[in-house]
Amino acid sequence: ALHYPFPSVSASSSHLSNITSNFDGKGSRNSFRDRMRHHFTVSCIALGFCGLASAFTAPRLALVRPRTPAYATNYEFALLFDCDGVILETEELHRLAYNAAFQAADLTIDGQPVDWSVQYYDVLQNTVGGGKPKMFFHFRNTTGQFPMVGGKPAPSTAEEQQALIDDLQAHKTEIYRTFIEEKAVPRPGVIELMDEALADPRIAVGVCSASTKGA
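Reading the values: rules and limits
Residues numbered from 1 in each chain as written. Predicted model: local features only at pLDDT ≥ 70, side-chain atom pairs only at ≥ 80, totals over all residues. Heavy atoms only, no water. Helix = DSSP H or I, 4+ residues; strand = E, 2+ residues; numbered from the N terminus. Buried < 20%, exposed > 50% of the residue type's maximum accessible area, 1.4 Å probe, protein only. Salt bridge = Lys/Arg side-chain N within 4 Å of Asp/Glu carboxyl O. Pairing = 2+ DSSP bridges.

Time to look at unusual backbone geometry. Backbone geometry at Asp-106 places phi at a positive 55 degrees, although glycine is not the residue there. In this fold, Asp-106 is placed in the loop between helix 4 (91–104) and strand 2 (107–109). Given the relative accessible area of 41%, Asp-106 is considered partly exposed. Phi at Asp-110 takes a positive value of approximately 55 degrees, unusual for a residue other than glycine. When you line up the elements, Asp-110 lands in the loop between strand 2 and strand 3 (112–113). For Asp-110, a relative accessible area of 65% puts it in the exposed group.

With respect to the helices and strands, Val-185 occurs in the loop between helix 7 (158–183) and helix 8 (190–198). Between the C-alpha atoms of Val-185 and Leu-88, which are 97 residues apart in sequence, the distance is 6.1 Å.

A full pass over the atoms with the stated rule returns 4 salt bridges. With its nearest N and O atoms 2.7 Å apart, the salt bridge here joins Glu-92 to Arg-95. You can see Glu-92 and its partner Arg-95 sitting in helix 4, 3 residues apart, about one turn around the helix. The class of Glu-92 is partly exposed, set by a relative accessible area of 32%. Close ionic contact of Asp-166 with Lys-132 constitutes a salt bridge, the shortest N to O distance being 2.9 Å. Of this pair, Asp-166 sits in helix 7 while Lys-132 sits in helix 6 (residues 131–142), placing them 34 residues apart in sequence. For Asp-166, a relative accessible area of 29% puts it in the partly exposed group.

It is worth spelling out the sheet that holds strand 4 (residues 148–149) at this point. Read across the sheet, 3 strands follow the order 3-2-4 without closing on themselves; strand pairing throughout is antiparallel. Strands with a single pairing partner mark the edges of an open sheet, and in this sheet they are strand 3 and strand 4. In the sheet, strand 2 pairs with strand 4 via 2 bridges, with the strands oriented antiparallel. Residue pairing across strands places Leu-107 opposite Val-149, the latter belonging to strand 4.

As structure tokens, then:
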């Protein structure tokens, strides 16, 4: 694990003022996406993750190595949030994005479209980590065969199978990002908890994610 000394919040106050001045408390912050970007940016700058904050406001989450600050901090606690399932309830959006990618590619097995039900995906996500491994597991273990693609024969070689999975994952990621923009909502109480923690000078607040840059 990498450990970085946290800068003091007061040392970053000018940066915080620049960020918060962009939000009038009435307009853009009423949208969930802008509000979350605000919280995330302020949290990252308070922790010294300026590169991470600016990457998010792009808006893409890109984990980067922060510059080591030359000053120490007197934080007593740190509150770190994961994204999937913590800040946002995203698992259903993942499932819908996979199914949309399957439908767009016209995947069928024995004449039936490839579709992951809520019940099946709940088991799958708790069995296999990562998007591509999930699809490989489904086709190799659950169905025992790869699907036909748009009426064409199923990929038979390892290279063809890998290419199909790569293409599906890339398209799924595009769809998922659109869903996040349009459908994502915070879990109950998360925004209030962030507000309370950010207002407490004893608490450092940050967001962690293992997501890819594209997701």
